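Given next are the chains, with one letter for each unit.
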Amino acid sequence: DTSLQMELAGRYNSGAMHADGGSLEIVQYNARNGFAYAVSGVKGTLDCVDMRDLKNGDTVETLTGRELNAAELAENAGDGFVYGDMTSVAVSPDGKTLAVAMQDADYTKPGRVLVFDCNEDGSLTYSGIAETGVQPDMVTFTPDGSYILTADEGEPRLGYGDPNAVDPKGSVTVIDAATLTARTVDFTAFDSAEARQTLAAEGIVLKKETAPSVDLEPEYIACDNHTAYITCQEANAIAVLDI
């Protein structure tokens, strides 16, 4: 019998509900301190959930946690960022660092990554902030922890049919985890007629009369220490980036 058998052992209630979702979304477990970290876009908080004593028993355990107002920290950084949404969280391979991605309230403006030190008691100590491309949707670390990467989706939030819609450039941001210096890479190099035709000939799905730099929308990243592979799902494509 190869079927997967699972039994609910514990549950955490974030205390937030929203019709559009985002109440409690992406979760990352830190094996170093036994805590799980989840993002609540609705509240703008990082929820730190204690899983150190979780055991399978006769009843479903109610897990306890604490909230950290990450949105407030980002806005207090003083660089003009206005919190719009929190989209992703990642824990470094050694369990010592946590990164969380945020989008600006203005969907055409750059987002941010906040970085924290992970403490033994599950608490987080804020250590810095870095600017990303527009609409960071996913954050991850390289396996050696040297870099933090974000997939910056750059969607036209109002839709293509709205005459006031803006389609920001999709991009990938690479952040030095030690210094928090960031560089953002986009797809402008593919905007020439010749380069665009080459992409189309290879089966890349592109909207008619639209530049690849705004049509390609990074969604997810898998990487080793030297190369990142980025899915652009609407374009049926995977981009390869030398880190």
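Please refer to the structure higher up on the page.
Conventions we followed
Residues numbered from 1 in each chain as written. Predicted model: local features only at pLDDT ≥ 70, side-chain atom pairs only at ≥ 80, totals over all residues. Heavy atoms only, no water. Core = buried A, V, L, I, M, F, W, Y, C linked by side-chain atoms within 4.5 Å. Buried < 20%, exposed > 50% of the residue type's maximum accessible area, 1.4 Å probe, protein only. Helix = DSSP H or I, 4+ residues; strand = E, 2+ residues; numbered from the N terminus. Contact = heavy atoms within 4.5 Å. Pairing = 2+ DSSP bridges. Axes fitted to C-alpha atoms, helices over the stretch in contact; angles between N-to-C directions.

**A short note on the nonpolar core**
With 21 residues, the main nonpolar core has L46, M86, L98, V100, M102, F116 and L124 as its most contacted residues. Breaking this core down by element, the ones donating at least two residues are β3 (35-40), β4 (45-50), α1 (70-75), β7 (83-91), β8 (97-104) and β9 (110-118). It is β7 that provides the largest number of residues to this core, a total of 4 residues. Not counting chain neighbours up to four residues away, the residues in contact with L98 comprise Y37, L46, V89, A90, V91, L114, V115, F116, C118, L124 and F141. In terms of nonpolar packing, the next biggest core, distinct from the first, is built from 20 residues, L149, L216, I221 and C232 among them.

**Quick look at the side chain of S14**
Note that S14 resides in the loop between β1 (10-11) and β2 (27-30). Setting aside its immediate chain neighbours within four residues, S14 contacts S23, L24, K43, D47 and E67.

**A word on the pairing of strand β12 (residues 147-152)**
A regular strand places its side chains on the two faces of the sheet in alternate fashion. Counting buried residues along β12, 5 of its 6 residues qualify, which places the element largely inside the surrounding structure. Hairpin remark: strand β11 (residues 136-141) followed by β12, antiparallel, with 5 residues in the connecting loop; positive phi at G145, about 75 degrees. With 6 bridges joining them, β12 and strand β13 (residues 171-176) adopt antiparallel strand pairing. In the sheet register, L149 faces β13, and the bridge partner there is V174.

**Structural notes on the sheet that holds strand β14 (residues 182-186)**
Strand pairing in a sheet relies on backbone hydrogen bonds. The paired strands run either parallel or antiparallel. Pairing is antiparallel in the open sheet, where 4 strands are placed in the order β11-β12-β13-β14. Of all strands in the sheet, those with a lone pairing partner are β11 and β14, marking the two edges. Strand-to-strand twist of the sheet, defined as the mean angle between neighbouring strand axes without regard to direction, takes the value 20 degrees.

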